[in-house]
Amino acid sequence: MIVSLFGMNRQVQAAGFVDVPARALNEVNYLVEGKIVNGSSPTTFTPDKVITKAEAAVFIGRALQLNGTQRATGFPDVGMSNFASGYIQSAVDKGIVSGDKAGNFLPYKEVTRGEMAVMLANAFGYSYNNTVSGAEKALMTLGIASGLSNGTFGTDLPIKRADFAVFMARAINPAFRLKTSVNFTKPLWSTTGNLNIRTGPSTEYSSVGTIAANTQVTGAHSVGGWTYVKMGSKTGFISNYYLRSASSDGAAKPPATDSSDSKLSSQTIILDPGHGGKDSGAVGNNLREKDVVLKAGLQVNNLLKKTPFNVKMTRSTDTFIELKDRSAFAKDNGGDIFVSIHANSASSAAATGTETYYYAAANPHAADSKLLSSKIQARMLDAWNLRDRGVKPGNFSVLRENNMPAALVEMGFISNAGDASKMASDYWMNIMSIAIYNGILDYYKAKGYNVNSLYK
Ligand SMILES: [Zn+2]
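Residues numbered from 1 in each chain as written. Predicted model: local features only at pLDDT ≥ 70, side-chain atom pairs only at ≥ 80, totals over all residues. Heavy atoms only, no water.

K.L.:
Got a minute to help me understand the overall build of the protein chain in this structure?
P.N.:
Within the protein chain one finds 14 helices and 15 strands. On C-alpha atoms alone, the protein chain measures out to a radius of gyration of 23 Å, which is about the 23 Å that the 2.2 N^0.38 rule sets for 456 residues. Looking at the protein chain as a whole, 52% of its 456 residues are labelled buried. As displayed, the protein chain offers around 19000 Å² of accessible surface, 52% of which is attributable to carbon and sulfur atoms. (Helix = DSSP H or I, 4+ residues; strand = E, 2+ residues; numbered from the N terminus. Rg over C-alpha atoms; globule rule 2.2 N^0.38 Å. Buried < 20%, exposed > 50% of the residue type's maximum accessible area, 1.4 Å probe, protein only. Areas by Shrake-Rupley, 256 points an atom, 1.4 Å probe, with all protein chains shown as cover.)

K.L.:
What am I meant to see in the domain arrangement of the protein chain here?
P.N.:
How big an interface is tends to be stated in terms of accessible area lost as the parts join. According to the domain assignment, the protein chain consists of domain 1 (15-176), domain 2 (186-249) and domain 3 (260-454). The straight-line distance from the C-alpha centre of domain 2 to that of domain 3 is 30 Å. (Domains from an automatic or database assignment.)

K.L.:
Where do I start with the UniProt feature "domain: SLH" (unreviewed entry) in the protein chain in this structure?
P.N.:
Within the UniProt annotation, "domain: SLH" (unreviewed entry) is assigned to residues 11-70 and 71-134. Helix and strand shares over residues 71-134 are 36% and 0% respectively, and the end C-alpha atoms of the span are 33 Å apart. (UniProt positions renumbered as here; feature names shortened; annotations may be inferred.)

K.L.:
Would you mind going over the coordination of the zinc ion with me for this structure?
P.N.:
A metal bound by six donors in octahedral fashion has ideal angles of 90 or 180 degrees, whereas one bound by four tetrahedral donors has an ideal angle of 109.5 degrees. Looking at the zinc ion, one finds its protein donor set to be His275 (NE2), Glu289 (OE) and His342 (ND1), positioned 2.1 to 2.2 Å from the metal centre. Of note, the donors binding the zinc ion are all from one chain and are spaced H-x13-E-x52-H. Residue His275 is located in the loop between strand S8 (268-273) and strand S9 (283-284), and its partner His342 is located in strand S12 (residues 337-344); the two are separated by 67 residues in the primary sequence. Just as His275 is buried, His342 falls in that class too. (Donors = N, O, S within 2.8 Å, 3.2 Å for Na, K, Ca; no water.)

K.L.:
Sorry, what's going on with the environment of Pro364 here?
P.N.:
Considering the arrangement of structural elements, one finds Pro364 in the loop between strand S13 (354-358) and helix H11 (366-384). A relative accessible area of 76% means that Pro364 is categorised as exposed. As for Pro364 and Pro405, which are separated by 41 residues in sequence, their C-alpha atoms are 8.7 Å apart.

K.L.:
Is there a simple way to think about the pairing of strand S5 (residues 226-231) in this case?
P.N.:
Successive side chains on a regular strand alternate, one facing one side of the sheet and the next facing the other. Strand direction decides the pairing type here: strand S4 (residues 216-223) and S5, joined by four bridges, are antiparallel. Its bridge partner lying in S5, Ser222 is registered against Thr227. Joining the antiparallel neighbours S4 and S5 is a turn of two residues, in which Gly224 adopts a positive phi near 60°. Hairpin connection from S5 to strand S6 (residues 234-239): two residues lie between these consecutive antiparallel strands, with Gly232 at a positive phi of about 60°. (Pairing = 2+ DSSP bridges.)

K.L.:
Just to check I follow, could you spell out the nonpolar core for this structure?
P.N.:
A general trend in soluble globular proteins is that nonpolar side chains are found buried together. Counting residues in hydrophobic clusters, the biggest one holds 64 residues, and the most contacted among them are Leu31, Ile60, Met116, Phe124, Phe164, Met168 and Ile172. Those elements giving two or more residues to this core turn out to be helix H2 (25-33), helix H3 (53-63), helix H4 (85-93), helix H5 (113-123), helix H6 (132-141), helix H7 (161-172), S4 and S5. Looking at this core element by element, the count peaks at nine residues for H7. Membership of the second largest hydrophobic core comes to 43 residues, among which are Val293, Ala435, Ile436 and Tyr443. (Core = buried A, V, L, I, M, F, W, Y, C linked by side-chain atoms within 4.5 Å.)

K.L.:
Help me understand H11, please; the structure alone is not making it clear to me.
P.N.:
The α-helix advances 3.6 residues per turn, and as a result positions three or four apart in sequence lie on the same side. With 19 residues, H11 should cover 27 Å at 1.5 Å per step; its first-to-last C-alpha distance of 27 Å lies within 8% of that length. One or two residues past the end of H11 sits Asn385, with phi positive at roughly 60°. (Expected span 1.5 Å × (residues − 1).)

K.L.:
What is the right way to read the confidence of the model for the protein chain from this model?
P.N.:
Do not read the predicted coordinates in detail wherever pLDDT is low. Per-residue pLDDT for the protein chain averages 90, and the proportion of residues at 70 or more is 93%. Ignoring residues within four places in sequence, the model shows residues 1-11, a span with pLDDT below 50, making 20 contacts including any to other chains. Low confidence marks residues 247-259, where pLDDT is under 50. Its contacts with residues over four positions away, or in another chain, come to 15 contacts. (pLDDT = per-residue confidence, 0-100. Contact = heavy atoms within 4.5 Å.)

K.L.:
Is there a simple way to think about the packing of aromatic side chains in this case?
P.N.:
Aromatic rings considered in pairs are described by the distance between their centres and by the relative angle of their planes. Evaluation of the coordinates by the stated rule reveals 13 aromatic pairs. Ring plane angle 20° and centroid distance 6.2 Å describe the contact between Phe124 and Tyr126, whose orientation is recorded as stacked. The class for Phe124 is buried, based on a relative accessible area of 8%. Looking at Tyr126, the relative accessible area reads 13%, which means it is buried. The ring of Phe105 carries the charged tip of Lys53 above its face, separated from the ring centre by 4.1 Å. (Phe/Tyr/Trp six-rings, centres within 6.5 Å; stacked < 30°, edge-to-face > 60°. Lys NZ or Arg CZ within 6 Å of the ring centre and 35° of its normal.)

K.L.:
Looking at this structure, I do not really get the packing of H5 against H6. What am I missing?
P.N.:
Helix-helix packing: each pair is described by the crossing angle between the helix axes and the interaxial distance. Following both chains from N to C, one finds H5 and H6 inclined at 70°, their axes separated by 8 Å at the closest point. In terms of orientation, H5 and H6 fall into the roughly perpendicular class. Residues Gly114, Met116, Ala117, Val118, Leu120 and Ala121 of H5 pack against Val132, Ala135, Glu136 and Leu139 of H6. (Axes fitted to C-alpha atoms, helices over the stretch in contact; angles between N-to-C directions. Parallel < 35°, antiparallel > 145°, perpendicular 65-115°, else oblique.)

Dropping the structure here:
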């Protein structure tokens, strides 16, 4: 397959670059095709320059199709005008890369091979024990990296742009790997006809063929919103928007992948759709908050029901529940995390955006509550692409009176016509529910659980 896609006729200089060495030529070509990497000028890739943290964040962010819009970040040394500010913040939100202990990002710091391994392991969801050596081992096991001739990984050695591109191309497309055995384990079905299988994870990549509606394929890993699939002799990428899993129409539980299932089944997730019954919550644009958040809660519940996690809802019907009874329910049911779902409202119809609250006053769960909130917030932003109003401390009863990591999400403003149009749409509500679900998984992943097979 690699021959037909990247055969000898492609052995030409990459996209006008005159300086890419042969060892990285196919890989740089591949990433240029997907608009994932760029040169330092139209003719130079500067392959031997050591890659910086900012450049690495941009390359990874483009590959995963993260939000790259330049914006304010949480780092004093990355201003909004920094070319990489958007991708840096998105990559940090997703736990792919982080700042230093002093709270700086150090965008121009040169990346080492060990740091590269950790970034790629985080970006592509490899299981590793949150150590540099674990990440290096994960990359070597998959054939993405190999050790140096001296038998070490070269953990502290700087990594050049060309080599970073090679490792990224291998992480994205197994055809580039040092060993190409791929586990296609996830049964998936196409939801539309004439669906392209592409050589890479975006519409920038060429099609290697099309499949009909309701065709079964088997999936391996995902890159951003695309899954690497196999159908017959063809392999390539399909957008997740056009794939459904067996589980999504209730046919089957996702395959139990390993013994971590027992760890997941020890966890109870409490979903708390706000308001209900006589309490409509916010109203606007012909919508009632209690209905919108119940719909989202039920959808997230359905997704979690198909995993080994336990899930309980404070309400699954249109009933009124006192605030104190919500946190009491969570405690009584042995909840491990608590997610309250709301829609916002403001007197100004212009107010828009997504925000998430956690209880920040001194308590044993403040850090995890913030982590949970950040993970869900990042997914919600990707889902609806509304204004990022941030992850904020909030003194809400359901957060304050709880004794577990807790987050209160405000999906958008029911009082804003644009936000409300998404709440009125089955399509957009489904996207939001998947986002909350994936955000919960992101939290567990950050806590060391193996949830990779559960992502939607
Ligand atoms: Zn509310």
